[in-house]
Amino acid sequence: MLRVLAVDDEKPLLEELLYLLRSDPRVRSAEGASDATEALRRITLALEAGPDGADGIDVVFLDIHMAGLTGLDIARLLAGFARPPLIVFVTAHEGFAVQAFDLKAVDYVLKPVRPERLAEAVRRACAQLGRTGEAPPPAAEPAPAVPVPRRPAAEVTLADRSPDQIAVELGGVTRFVAIADIAYVEAQGDYARLHTDEGSHLVRIPLSTLEERWAARGFVRIHRRHLVALARIDELRLDAGTTSVRVGSAELQVSRRHARELRDLLMRHATG
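Residues numbered from 1 in each chain as written. Predicted model: local features only at pLDDT ≥ 70, side-chain atom pairs only at ≥ 80, totals over all residues. Heavy atoms only, no water.

> Outline the side chain of arginine 3, supporting the account with residue identities and numerical values.
Structurally, arginine 3 can be placed in strand E1 (residues 2-7). If sequence neighbours within four positions are ignored, arginine 3 has contacts with Arg28, Ser29, Pro51, Asp52, Gly53, Gly56, Ile57, Asp58 and Val59. (Helix = DSSP H or I, 4+ residues; strand = E, 2+ residues; numbered from the N terminus. Contact = heavy atoms within 4.5 Å.)

What follows is the structure, given as structure tokens:
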């Protein structure tokens, strides 16, 4: 079973990756690092402990674009060690595949990560390490597959499926969530987290894009981080010059630039 370190400086993506890795029965442990510095510290401890040590790492699932050192930089540093952990690159960029395989990467997985594609990367790592955890001779290494460009599931859905639904993935299952069930949306970098009564889902679509596409459905921007379904607002609160709304159990801040427009919209909605 594999001991894994996942490295990504976008917290939501790191959490999703760790969730999928921990769900795989071939993975004994999966820990995360949110930047190159933390990743190198963890890897150095693993190398000092040796392959059978308590801090050992068999495989590093590594993002490429990060602040400071890139994933390629980290892989080049590790190449100087006698027995470095295996590398699987997990990235949204197709253009680095040749460099990745020159650095002896086991696999190159494109974001958004599909569970079945990640499972294949785990299988490749297991095959390369073998049952005993020892790497086989170089000739026995399986040849990594060159990734085929594909459109993210969420983008396919917005363009090609019913405009009343959006595709979300969780633990290997793709669901189609009704837009009418979404109470509010939270920006998380280039991603957005959709909040429903049942839970939340991460999609690779910027909040600004959803704001434009869902304006006619009654979604309004209340803050640089939040888009809210007008009909799902339960309360508007004014306190010491600050404005907030309650949406179910969540209390969300309203920025000053959006406060007056929101009050006017709520009044029209209540009287209309």
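After that view, the rundown keeps rolling.
> Describe the confidence of the model for the protein chain, naming the residues involved and giving the relevant values.
Residue-level pLDDT values for the protein chain average 83, and 85% of them are 70 or greater. Averaged pLDDT values for the elements of the protein chain fall to 39 in helix H6 (residues 153-160) and rise to 96 in strand E3 (residues 59-62). Ignoring residues within four places in sequence, the model shows residues 145-161, a span with pLDDT below 50, making 36 contacts including any to other chains. (pLDDT = per-residue confidence, 0-100.)

> So what's going on with the environment of glutamate 94? Residues and values would help.
You can see glutamate 94 is positioned in the loop between strand E4 (86-91) and helix H4 (97-102). The class for glutamate 94 is partly exposed, based on a relative accessible area of 44%. A sequence separation of 15 residues divides glutamate 94 from valine 109, and the C-alpha atoms of the two residues are 9.1 Å apart. (Buried < 20%, exposed > 50% of the residue type's maximum accessible area, 1.4 Å probe, protein only.)

> Hey, could you go over the sheet that holds strand E5 (residues 107-110) for me, with residue numbers and the actual values?
Taken in spatial order, the five strands make up an open sheet running E2-E1-E3-E4-E5, and their pairing is parallel. The open sheet has two edge strands, strand E2 (27-33) and E5, and neither has a second partner. On average, each strand axis in the sheet is inclined to that of its neighbour by 20°, with strand direction left out of account. Where E3 meets E4, four bridges bridge the pair, whose relative direction is parallel. Pairing of valine 59 across the sheet is with leucine 86, part of E4. With respect to the sheet, helix H3 (residues 71-78) is in contact with E3 and E4, its orientation differing from that of E4 by roughly 175°. (Pairing = 2+ DSSP bridges. Axes fitted to C-alpha atoms, helices over the stretch in contact; angles between N-to-C directions.)

> Tell me about the side chain of arginine 221, and name the residues and values.
Looking at where arginine 221 falls in the secondary structure, it is placed in strand E11 (residues 219-223). Taking the relative accessible area as the measure of exposure, arginine 221 reaches 19% and is therefore buried. Separated by 2.8 Å, the side chain of arginine 221 and the backbone oxygen of histidine 223 make a polar contact. A polar side-chain atom of arginine 221 sits 3.0 Å from the main-chain carbonyl oxygen of arginine 224. (Polar contact = N/O pair within 3.5 Å; in protein donor to acceptor, adjacent residues only side chain to side chain.)

> Any chance you could break down the packing of helix H1 (residues 11-22) against helix H5 (residues 115-129) for me, citing the residues and the numbers?
Packing of H1 against H5 leaves a shortest axis separation of 10 Å and a crossing angle of 65°. Classified by chirality, the crossing of H5 by H1 is right-handed. Contacts from Leu17, Leu20 and Leu21 in H1 reach Pro115, Leu118 and Val122 in H5. (Left-handed = near helix turned anticlockwise from the far one by under 90°.)

> Report on H5, specifying residues and quantitative values.
In this model H5 runs 21 Å from its N-terminal to its C-terminal C-alpha over 15 residues, within 8% of the 21 Å that 1.5 Å per residue would give. Listed as buried for H5 are Pro115, Arg117, Leu118, Ala121, Val122, Arg124, Ala125, Gln128 and Leu129. Two residues or fewer after H5 comes glycine 130, characterised by a positive phi angle close to 80°. (Expected span 1.5 Å × (residues − 1).)

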